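# Residue-level structural notes
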Amino acid sequence: MEIIRVEKLSKNYKALKALDEVSLSIQEGELFGLLGVNGAGKTTLIRILSGLAKKSGGDAVVDGHPLSEIDEIKKIIDISPQETSVAMNLTVKENLFFFESLYGSHDEEYFNKIVDSFYLKEILNKRAKTLSGGWQRRLSIAVALISKPKILFLDEPTLGLDVLVRRELWKIIKSLKGKTTIVLTSHYLEEIEALCDRVAILSSGHLLDIGTVEEIKEHTKENSFEEAFVKIVGGDIK
C-alpha cells in the first residue's frame, strides 16, 4: 500500500532549483533510499515532507494527507536529522523521557523495547555530551522512534562515522524494516545497497532513476552498483 506520493515537487531558492518537479511513490513498510552527492536535493525533499520547508510547486500526499495538512502529517512522522538532535546536557534516559513526553504518556513496555533495541541500558545515566559520535547518532534515532512514528526520516544517519560504528547502526536500521516506513538519505553507495528495498537517485534536484539496486544495474547494464551510479549521475546512459 502506498504511503507517500510525491507529484512534481519543486523547491526554489532564488535562482537555485533544489528540487525540480520530482515525482515518486513509497510503499508502507518500505525502507526507501534517497541517493546522491551533496546538493542533490535529498535533504530538501525530506524537509518538505516533514514540514520543515515549504514547497515551491507540485505537491505530496503522506498517509492520505496533502502537504496543506502538515499538522496531521506531523502526528505520524519523526525525523533524525544530519545534526544529532539530542539534548546534550540531559542523560540518555532523560532524553528519551523528554521526547516521549512531547507525544503523550509514558509507555514502559515500549520504552524498554527501545532501550534494548539500541543497546542503551548500560549508558542510560550518562549525559549525551559525554557519548561518542556513534552513540549520539544511535540515541538520535532512538529519540526519533520513541514517538512511535508511522514514517521515520533518517537524514544521513551514519555521516562521518567509522566503518564499524556504521555497520552497528545498519543492524539497528535493518531491524526496523517492515515495521516502520523509513526514508533514508545517504551518499554512501554501500549503505544504500545494504539497507534499502528501493532507491531514488537524485542529482542537482532532478530524479534520474528509481528502483531496486538490481533494477538500476539492469537499466545501466552494469554489474556493480557503483558503476551504475556513476553512469547515471554522469549522464552516460544512452
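Owing to the predicted nature of the structure, the values given are computational and were not obtained by experimental measurement. (Residues numbered from 1 in each chain as written. Predicted model: local features only at pLDDT ≥ 70, side-chain atom pairs only at ≥ 80, totals over all residues. Heavy atoms only, no water.)

### So, the packing of aromatic side chains
Inclusion rule: Ring geometry is summarised as follows: Phe, Tyr and Trp rings, the Trp one being its six-membered ring, pair when their centres sit within 6.5 Å, and such pairs are stacked at plane angles under 30 degrees, edge-to-face over 60 and tilted between the two. We call a residue buried when its accessible area falls under 20% of the maximum for its residue type, exposed when it is over 50%, and partly exposed in between, using a 1.4 Å probe and counting protein chains only. Charge-over-ring contacts are defined here by two conditions on Lys NZ or Arg CZ: a distance within 6 Å of the ring centre and an angle within 35 degrees of the ring normal.
Enumeration according to the criterion identifies 2 aromatic pairs in this entry. Measuring from centroid to centroid gives 5.1 Å for Phe98 and Phe99, while their planes differ by 75 degrees, and the two rings are edge-to-face. Taking relative accessible area as the criterion, Phe98 reaches 40% and is therefore assigned partly exposed. A cation sits over an aromatic face here: Arg166 above Tyr188, 4.0 Å from the ring centre.

### Overview of the side chain of Ser147
Selection criterion: Per the convention used, a helix needs a DSSP run of H or I reaching at least four residues, while a strand needs a run of E reaching at least two, with both numbered from the N terminus. Polar contact is defined as a pair of N or O atoms within 3.5 Å, subject to the rule that within protein one atom must be able to donate a hydrogen and the other to accept it, and that residues adjacent in sequence are counted only when both atoms are side-chain atoms. The contact criterion used throughout is that any non-hydrogen atoms of two residues lie within 4.5 Å.
With respect to the helices, strands and loops of the structure, Ser147 is situated in the loop between helix H5 (133-145) and strand E7 (151-155). What makes Ser147 buried here is its relative accessible area of 14%. Within the local environment of Ser147, its side chain forms a polar contact with the side chain of Asp78, the two groups lying 2.9 Å apart. Those residues in contact with Ser147, other than ones at most four positions away along the chain, are Asp78 and Tyr103.

### Digging into helix H6 (residues 163-175)
This is how it is decided: Working rule for helices: expected span equals 1.5 Å times residues minus one. The arc in question is traced by the directions running from the helix axis to the C-beta atoms.
Taking 1.5 Å of rise per residue, the 13 residues of H6 would be expected to cover 18 Å, and the 19 Å separating its terminal C-alpha atoms lies within 8% of that figure. Residues of H6 that are buried: Arg166, Leu169, Trp170, Ile172 and Ile173. Buried residues of H6, viewed axially, fall in a sector of 165 degrees; they line one side. Exposed residues lying more than 90 degrees from the buried face of H6 are Leu164 and Lys171. Here the buried face of H6 lies against strand E3 (31-35), helix H4 (108-117), H5, E7, strand E8 (181-186) and helix H7 (189-195). For H6, the capping residue at the N-terminal end is Asp162, with a side-chain oxygen 3.1 Å from the backbone nitrogen of Leu164.

### Quick notes on the environment of His187
When you line up the elements, His187 lands in the loop between E8 and H7. When neighbours within four sequence positions are excluded, His187 is seen to be in contact with Leu35, Gly36, Val37, Asn38, Glu156 and Leu159. Engagement of the side chain of His187 in a polar contact is seen with the side chain of Glu156, the distance being 3.4 Å.

### Looking at the packing of H5 against H6
Quick note on the threshold: Where helices are involved, their axes are fitted lines through C-alpha atoms of the stretch in contact, as for all axes, and angles between N-to-C directions lie from 0 to 180°. In this scheme, roughly parallel covers angles under 35 degrees and roughly antiparallel covers those over 145, while 65 to 115 is roughly perpendicular and the rest are oblique. We call a crossing left-handed when the near helix sits turned anticlockwise from the far one by less than a right angle, and right-handed when that turn is clockwise. Just so you know the grouping, Ala, Val, Leu, Ile, Met, Phe, Trp, Tyr, Cys and Pro go in nonpolar, Asp, Glu, Lys and Arg go in charged, and all remaining residues, Gly too, go in polar.
Running from N to C, H5 and H6 point in directions that differ by 15 degrees, and their axes come no closer than 10 Å. Taken as axis vectors, H5 and H6 run roughly parallel relative to one another. Seen from above, H5 lies across H6 with right-handed handedness. Side by side, H5 and H6 meet where Gly134, Arg137, Arg138 and Ile141 of the first sit next to Val165, Glu168, Leu169 and Ile172 of the second. Among the residues making up the contact of H5 with H6, the classes are represented as 4 nonpolar, 1 polar and 3 charged.

### Regarding the sheet that holds E8
For the record, the criterion: Only strands that DSSP links by at least two bridges are regarded as paired with each other.
Taken together, 6 strands build an open sheet; the order of strands is E6-E7-E8-E3-E9-E10 and the sheet is mixed. The open sheet has two edge strands, strand E6 (77-80) and strand E10 (206-211), and neither has a second partner. With direction set aside, neighbouring strand axes in the sheet form an average angle of 15 degrees. Relative to E7, E6 runs parallel, the two sharing 4 bridges. Counterpart to Asp78 in the pairing with E7 is Leu152. Strand contacts of helix H9 (residues 225-233): E3, strand E9 (198-203) and E10, with the helix running at about 40 degrees to E9, the strand carrying the most contacts.

### What about the nonpolar core?
Cut-off, in case you're wondering: Definition used in this section: a nonpolar core is a set of buried Ala, Val, Leu, Ile, Met, Phe, Trp, Tyr and Cys residues joined via side-chain atoms within 4.5 Å.
Membership of the largest hydrophobic core comes to 45 residues, with the highest contact counts inside it found for Leu96, Leu120 and Leu139. Setting aside anything within four residues of it in sequence, one finds Leu120 in contact with Val92, Leu96, Val115, Trp135, Arg138, Leu139 and Ala142. Residues Ile4, Val22, Ala53 and Leu202 belong to the second largest nonpolar core, which totals 27 residues.

### Topic: the sheet that holds strand E1 (residues 2-13)
Strand order in the open sheet made by the 4 strands is E2-E1-E4-E5, with antiparallel pairing throughout. Each edge of the sheet is formed by a strand with only one pairing partner; in this case those strands are strand E2 (16-27) and strand E5 (65-66). Along the sheet face, helix H1 (residues 42-49) touches E1, E2 and strand E4 (57-62) and points at about 115 degrees away from the line of E1.

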